[in-house]
Amino acid sequence: MDAKPKGTAVFVFPSAAGHVSPSLPLCTRLVIDGWKVDYVAVDQFKDAIEGTGATYHSRNEIGRAHGGYEDLQAILVKSAFEDYADAGARQWGPNFGSATTARLVPMFLAWLGARPVRPSVIVYCPVLCPAAHFAGLKLNIPTISLLTAAGPGYMDAAFDRHCGGHTAAQAAARGLMQTVSANAANAAAIARLRTLLDRPDLELNTVPGHPTCHEYYSEVNLVSTVRAMADGMWEENAQFYEERGVAFEYVGPLQPEGEEAASATVAAGLSAAQTANLFARVDQAINEGRRICYVSLGTVLTSTAASAEHGWLGTSGTALTGKAMCQAVYRAVFRELGGADSSDGGKPLLIISVGPEADAVSTAEVGEVPANAVCVPAVPQVQLLHKAAAGLALVLTHGGQNTFMEALAVGAPLVVCPGFGDQIANGARAKDMGVGVVVPRPLVKADKEGMQGQAGPSDALTGARAAEHDAAVPPEVNYEEAVAAGVREVFGAGHFAERAVAVAVGLKQAGGTKRAAELVAQVVQRAGGAGTSKTNEKQH
């Protein structure tokens, strides 16, 4: 007979790989420690979730059974953009509006209430799944968030970047609150939530001067970075959380532990045989003393389906589409580091995760793929980085939070080619920390006082930016030159690697997955122990 689990944890995460991936090692750790884990997500991540030992639950099926939604995903898209009857809501609805939350909370209340064993704790994404937190509060189930952004100051930093200064950013945040508060559909959604949850004090982004989204957090919140690498909070917001006893636990990157976690990856681009072949080439390169370079520009820039604005055909308001940007990077890497696939050729093994687009590395657009390059749609990234760590010469990344932290966790120096959003801040962070260089994405001509994010890694890149003012030179040509210069700089200098190794030591000291699991257990213990069956609940 199976032993009784230590407790039952319910994970609730969105349809976004960047939010799901860091949760999987924690999921695995809890299962190993004797917990039962029920994981609510979308079918895209089913295999990865089941690879941790958790039980997968389809969000769409829950919506059908407990919310009456035939197509929950379609409803959520409509809710995020259309329910507010305001074109401007496309900018604020998904993150700051309450229409989606008002739809999801009743669904989660019904599903959680129907569980055969009362959950001991809910682990959730505070950015996109606050409904799970609110349902937990109503049912007196402890909750703990897992924040995969660069700390709770990520929104403050976003306002600062967008507005160009703290005073303007504060004014913009207050203006946002006023806009959200004034929207009639949003006000109606908040009223429903206040009644349903018996929480007349719920603000839900309508009180200027209070931190945005502050009610999305639990009393204890896991943060998958370290304090020294986190976006800084505005002083008044830090004081707000401190006065209310809201704790942010910086546990560092959550990494798989041992071979049992090898299948816990959202990457579905390789079969088991293809993965084994890739890892065999890595082992061979290390045994031959060859260096290894890994290139990944994420899951959004490399995909048409991921985002119209920021994906393969989008520009994110810059001079290059995602396609033009990615292919310029590939050409630069092939030109600088491509060659014979042999130990005596002096060329590294190149591993490039190119995404799902069929023309990503077409000969017509990037030239011949060199013999020492392995181009695949996706890789089990964390496992690859750990296996290749002894030979990693550099990681060229878009600067997404997960890849940024995962690369630094193994001491890899970086070439950061940001696409949009927090990737720009991570590029600047890499440069400031001395772990690599940043190659900004070129801006449209009217904005060209430089490239995106302004400062580049070297004089060579500064020259490339200046040359871009010449309208006769396509921006992708100069961008390719800038990337090539950045690759040369990091590949040829040892000080970046030395600094990256020192950073990796600090990240490990944060505790990672083990510490995160301990904090989950502590939240449950403080609340009075593990879950009980419904029968037992009624008897007491």
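Residues numbered from 1 in each chain as written. Predicted model: local features only at pLDDT ≥ 70, side-chain atom pairs only at ≥ 80, totals over all residues. Heavy atoms only, no water.

In this section: the pairing of strand β7 (residues 247–250). Residues of β7 alternate between two faces, with Phe248 and Tyr250 buried on one and Ala247 and Glu249 left unburied on the opposite face. The pairing of strand β6 (residues 220–223) with β7 spans 4 bridges and is parallel. Pairing of valine 223 across the sheet is with tyrosine 250, part of β7. Handedness of the crossover joining β6 and β7 through helix α12 (residues 235–243) is recorded here as right-handed. (Buried < 20%, exposed > 50% of the residue type's maximum accessible area, 1.4 Å probe, protein only. Helix = DSSP H or I, 4+ residues; strand = E, 2+ residues; numbered from the N terminus. Pairing = 2+ DSSP bridges. Right-handed = clockwise from strand over helix to strand, strands pointing away.)

Right, let's get into the packing of helix α4 (residues 59–67) against helix α7 (residues 99–113). When two helices pack together, their arrangement is given by the angle between the helix axes and by the axis-to-axis distance. Here α4 crosses α7 at 90 degrees, and the two axes come no closer than 9 Å. Relative to α7, α4 is oriented roughly perpendicular. Contacts between α4 and α7 pair Arg59, Ile62, Gly63, His66 and Gly67 from the former with Met107, Ala110 and Trp111 from the latter. In terms of residue class, the contact of α4 with α7 is made up of 4 nonpolar, 3 polar and 1 charged. (Axes fitted to C-alpha atoms, helices over the stretch in contact; angles between N-to-C directions. Parallel < 35°, antiparallel > 145°, perpendicular 65-115°, else oblique. Contact = heavy atoms within 4.5 Å. Nonpolar A, V, L, I, M, F, W, Y, C, P; charged D, E, K, R; others polar.)

Sheets are built from strands paired through backbone hydrogen bonds, the pairs being either parallel or antiparallel. Read across the sheet, 6 strands follow the order β10-β9-β8-β11-β12-β13 without closing on themselves; strand pairing throughout is parallel. Sheet topology places β10 (373–376) and β13 (436–438) at the edges, where each strand pairs with a single neighbour. Within this sheet the neighbouring strands show an average axis-to-axis angle of 10 degrees, counted without direction. The pairing of strand β11 (residues 392–397) with strand β12 (residues 414–416) spans 3 bridges and is parallel. Paired with threonine 397 across the strands is valine 416, a residue of β12. Where helix α13 (residues 272–287) meets the sheet, its contacts fall on β8 (292–296), β9 (349–353) and β10, and the angle it forms with β9 comes to roughly 150 degrees.

Let us look at the confidence of the model for the protein chain. Per-residue pLDDT for the protein chain has a mean of 89; in total, 89% of the residues score no lower than 70. Taken together, the stretch residues 260–264 has pLDDT below 50 and engages in 13 contacts with residues farther than four places along the chain or on a different chain. (pLDDT = per-residue confidence, 0-100.)

Let us now look at the side chain of serine 316. Inspection of the secondary structure assignment puts serine 316 in the loop between β8 and α14 (322–337). With relative accessibility at 19%, the residue serine 316 sits in the buried group. At 2.7 Å, the side chain of serine 316 forms a polar contact with the side chain of histidine 310. Every residue in contact with serine 316, bar those within four places of it in the chain, is listed here: Glu309, His310, Gly419, Phe420 and Arg441. (Polar contact = N/O pair within 3.5 Å; in protein donor to acceptor, adjacent residues only side chain to side chain.)

The parallel open sheet is built from 7 strands, whose spatial order is β3-β2-β1-β4-β5-β6-β7. Two strands in the sheet have a free side with no partner beyond their single neighbour: β3 (55–58) and β7. Averaged over all neighbouring strand pairs, the angle between strand axes comes to 25 degrees, with direction disregarded. One ladder, built from 3 bridges, connects strand β5 (residues 143–147) with β6; its direction is parallel. Paired with leucine 147 across the two strands is valine 223, which belongs to β6. Against the sheet, helix α8 (residues 130–138) touches β1 (8–12), β4 (121–124) and β5, its axis set at about 165 degrees to β4.

The final tally for this structure, using the stated rule, is 21 salt bridges. Among the salt bridges present, the one from aspartate 359 reaches lysine 323, with a minimum N-O distance of 2.8 Å. Here aspartate 359 is found in the loop between β9 and α15 (363–366), whereas its partner lysine 323 is found in helix α14, with 36 residues between them in sequence. On the accessibility criterion, aspartate 359 (24% relative accessible area) is partly exposed. Ionic pairing is found between glutamate 336 and arginine 488, a salt bridge with its closest N-O pair at 2.8 Å. With glutamate 336 in helix α14 and arginine 488 in helix α20 (residues 475–492), the pair connects residues that are 152 residues apart, well separated along the chain. For arginine 488, a relative accessible area of 43% corresponds to the partly exposed category. (Salt bridge = Lys/Arg side-chain N within 4 Å of Asp/Glu carboxyl O.)

If you look at the biggest cluster of nonpolar residues, it comprises 88 residues, and the most contacted ones within it are Phe11, Leu26 and Tyr39. Examining the composition of this core, we find that 9 residues originate from one element, α7, more than from any other. When sequence neighbours within four positions are dropped, the list of residues in contact with leucine 26 reads Phe11, Val123, Leu222, Leu254, Thr513, Ala516, Ala517 and Val520. One finds Val295, Met325, Tyr330 and Leu337 within the second-largest nonpolar core, a separate group that totals 38 residues. (Core = buried A, V, L, I, M, F, W, Y, C linked by side-chain atoms within 4.5 Å.)

What follows concerns helix α18 (residues 422–433). Counted at 1.5 Å a residue, the expected span for α18 with its 12 residues is 16 Å, and the 16 Å between its end C-alpha atoms agrees. Inspection of α18 places Gln423, Ala425, Asn426, Gly427, Arg429, Ala430 and Met433 among the buried residues, and these make up the whole buried set. (Expected span 1.5 Å × (residues − 1).)

On to the state of the cysteines, then. The final tally for this structure, using the stated rule, is 0 disulfides. There is no disulfide at cysteine 326, and the cysteine sulfur nearest it, in cysteine 417, is 9.4 Å away. (Disulfide = S-S within 2.5 Å.)

What follows deals with the packing of α7 against α8. Across the interface, α7 lies against α8 with an axial gap of 8 Å and an inter-helix angle of 50 degrees. By the angle between their directions, the pair α7 and α8 is classed as oblique. The chirality of how α7 crosses α8 is right-handed. Two secondary-structure elements touch here, α7 through Thr101, Leu104, Val105, Phe108, Leu109 and Leu112 and α8 through Pro130, Ala131, Ala132, Phe134, Ala135 and Lys138. Broken down by class, the residue content of the contact of α7 with α8 amounts to 10 nonpolar, 1 polar and 1 charged. (Left-handed = near helix turned anticlockwise from the far one by under 90°.)

A separate point is the packing of aromatic side chains. Taken as a whole and assessed by the stated rule, the structure comprises 10 aromatic pairs. Their ring planes at 45 degrees and their centres at 6.3 Å tell us that phenylalanine 159 and tryptophan 234 sit as a pair that is tilted. Of this pair, phenylalanine 159 sits in helix α9 (residues 154–163) while tryptophan 234 sits in the loop between β6 and α12, and the two are 75 residues apart along the sequence. Each member of the pair, phenylalanine 159 as well as tryptophan 234, is classed as buried. A centroid spacing of 5.9 Å and a plane angle of 80 degrees characterise the contact between tyrosine 217 and tyrosine 241, whose relative ring orientation is edge-to-face. Taken together, the residues tyrosine 217 in the loop between α11 (184–197) and β6 and tyrosine 241 in helix α12 connect sequence positions 24 residues apart. No difference in accessibility class separates tyrosine 217 from tyrosine 241, as the two residues are buried. Ring pairing ties together the aromatic residues Tyr217, Phe240, Tyr241 and Phe248, which thus form one cluster. Here the basic side chain of arginine 244 rests over the ring of phenylalanine 240, its NZ or CZ set 3.5 Å away from the ring centre. Residue placement shows arginine 291 over the ring face of phenylalanine 491; its charged tip is 4.1 Å from the ring centre. (Phe/Tyr/Trp six-rings, centres within 6.5 Å; stacked < 30°, edge-to-face > 60°. Lys NZ or Arg CZ within 6 Å of the ring centre and 35° of its normal.)

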